[in-house]
Amino acid sequence: MRLLLPCIAVATLVSLSASSALALDDPHTVHHAKSGQPHVADTKHAAAHKSTASSSKASSKTAHVVRPAAGKSAASRARVQRASLTSRRHHSYERFTANSFSNNQGDGDITAGEDPTIRAAAIDALGNMNGTAVVINPANGRILAMVNQKLALSPGAEPCSTIKLSVGLAALSEGLVTRDTPVNLGGFRMNLTDALAHSNNLYFEELGRELGFERVRHYATQFGLGELAGYNIPGEQLGTYPDQELPAKEGGVGRMCSFGQGVSMTPLQLGAFVAAIANGGTLYYLQHPSSPDEVASFEPKVKRTLDINRFVPDLQDGMAGAVEYGTARSLRVNFHELPVFGKTGTCSDKGTRFGWFASFSDSPMGSLVTVFFLEGGRPVFGPRAAELTGLFYRSLWDRNYFVDKTPVQAENQPIAAIPSIVTADASR
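Note that the structure is predicted; figures quoted are calculated from it, not measured.

Here is what the cut-offs are and how they apply
Residues numbered from 1 in each chain as written. Predicted model: local features only at pLDDT ≥ 70, side-chain atom pairs only at ≥ 80, totals over all residues. Heavy atoms only, no water. Pairing = 2+ DSSP bridges. Helix = DSSP H or I, 4+ residues; strand = E, 2+ residues; numbered from the N terminus. Axes fitted to C-alpha atoms, helices over the stretch in contact; angles between N-to-C directions. Salt bridge = Lys/Arg side-chain N within 4 Å of Asp/Glu carboxyl O. Buried < 20%, exposed > 50% of the residue type's maximum accessible area, 1.4 Å probe, protein only. Core = buried A, V, L, I, M, F, W, Y, C linked by side-chain atoms within 4.5 Å. Contact = heavy atoms within 4.5 Å. Arc of directions from axis to C-beta. Polar contact = N/O pair within 3.5 Å; in protein donor to acceptor, adjacent residues only side chain to side chain.

Visitor: Before we go on, may I ask you to explain the sheet that holds strand 12 (residues 352-361) in this structure?
Guide: Across a sheet, strands are paired by hydrogen bonds formed along the backbone, either parallel or antiparallel in direction. Strand order in the open sheet made by the 5 strands is 6-5-13-12-11, with antiparallel pairing throughout. Only two strands of the sheet have a single neighbouring strand rather than two, namely strand 6 (142-147) and strand 11 (340-349). The sheet shows a mean angle of 10 degrees between the axes of neighbouring strands, direction not considered. Looking at chain direction, strand 12 and strand 13 (residues 369-376) are connected through 8 bridges and run antiparallel. Each bridged residue has a counterpart across the sheet, and for F354 the counterpart in strand 13 is E375.

Visitor: Help me understand the pattern of salt bridges in this model?
Guide: A side chain with one charge can pair with a side chain of the opposite charge if their charged atoms come near. If you walk through the whole model with that rule in mind, you get 16 salt bridges. The shortest N-O distance in the salt bridge between D314 and R179 comes to 2.8 Å. Linking D314 in helix 12 (residues 312-324) with R179 in the loop between helix 5 (163-173) and strand 7 (183-184), this pair joins segments that are 135 residues apart in sequence. Residue classification places D314 among the buried residues on the basis of a relative accessible area of 12%. A salt bridge links D317 to R179; its shortest N-O distance comes to 2.9 Å. A residue pair is termed long-range when its members are at least 10 positions apart, and D317 in helix 12 and R179 in the loop between helix 5 and strand 7 qualify at 138 residues. A single burial state applies to D317 and to R179, both of which are buried. Several salt bridges share partner residues, and in doing so they unite D109, E114 and R119 into one network.

Visitor: Can you walk me through the nonpolar core in this structure?
Guide: Most often, soluble globular proteins have nonpolar side chains that are buried together. Of all hydrophobic cores here, the largest spans 72 residues; its most connected members are Y203, L268 and W356. A per-element tally of this core places helix 10 (residues 267-279) first, with 8 residues. Setting aside anything within four residues of it in sequence, one finds Y203 in contact with V177, V183, L185, M190, N191, L192 and A195. L126, A133, A145 and F372 belong to the second largest nonpolar core, which has 31 residues in total.

Visitor: Help me out: how do you make sense of helix 3 (residues 116-126) in this one?
Guide: Given 3.6 residues to a turn, an α-helix orients residues that are three or four positions apart in the same direction. Of the residues making up helix 3, those classed as buried are I118, R119, A121, A122, A125 and L126. Viewed along the axis of helix 3, the buried residues span an arc of 165 degrees, placing them on a single side of the element. Where the residues of helix 3 are buried, they touch strand 5 (131-137), strand 6, helix 4 (149-152), strand 13 and helix 13 (382-398). Capping of helix 3 at its N-terminal end is provided by D115; its side-chain oxygen lies 2.9 Å from the backbone amide nitrogen of T117. Of the residues trailing helix 3, G127 is marked for its positive phi of about 55 degrees.

In structure tokens form, the structure reads like this:
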């Protein structure tokens, strides 16, 4: 894992009206005047998309992609300059009416086809928080555990800053940026790695305006937003991706790309997408076996193959940074034994706050994808979901889940191979 220098995260001030959500991953807020000027002045792409970019509201300071000078090191190119913007502190007095806590985790769930160790760890991690935890094998799309299934299968909620994964991967796919491309944000520069790690709204607003709504939507739907993620999962409801961008007065495509305003995403949709990132581009239909017989006869079902494998390392750097020094560093309070790559999301709407954290791990026994989604009031936020994910991994570690369980071969006695968690779902 590459060690990256932390940077200063600066987020835009957003409206507290009922029609918009408040992005809360980044505690620092800066007020920016708006104008009609496009933000990203990249010579390769800006001319082709000038009309789209100019239709969105922009900061008063022009921001543009700065191409690295020849001969400079990656570290110097990625260096983030301290912003000299004049800031004004705003205090939020938003009233929350939703309940943040629950005392009946998993009641009524269908569990006969789940991995009991993973389910127990997820329930322990959630504790009394009102939320759901979904754990997926990214190698085949099997849901290993789904706690509080009614919430997991609901129509979803605003994705908050987890939408940045989709936007970042779209920008990489279009050749707009690499992980090290510094983007001038009106007084300071930031690259993709640090923008993901610190969940910077300005950066992703710029990418969204440069890409334009049609391309942003194209990639989001390719990644599975706006369609059912599961295959014959009873009760699964549909999250939606809008056909039109937000009006300019509500932030336009920039607001949609910074924290997903106007989008409804389900935990299963996010889990399937992150599983495709983890496995290098295979978007599986998620399946939730409901009996031991269904586990024994399980067969993966591929929805589509995404051409993203070469871009995953660029995205993964930022997801690693989120856990090591960014908005998800609370995960490391409880767990540090294995690499974890993730993205937080925090926003609120109509008296309810949402806290997301999606991640995948890396272990000698294979990878797990987790989505923790919380809803409620002030105790709910993305870093809290990341902290609970750390508790989940700690619980599995303490249960020796990641230990190679291949028996030691006795003298003159052959042993049968025991597959890892990537291929051994039928045995769990």
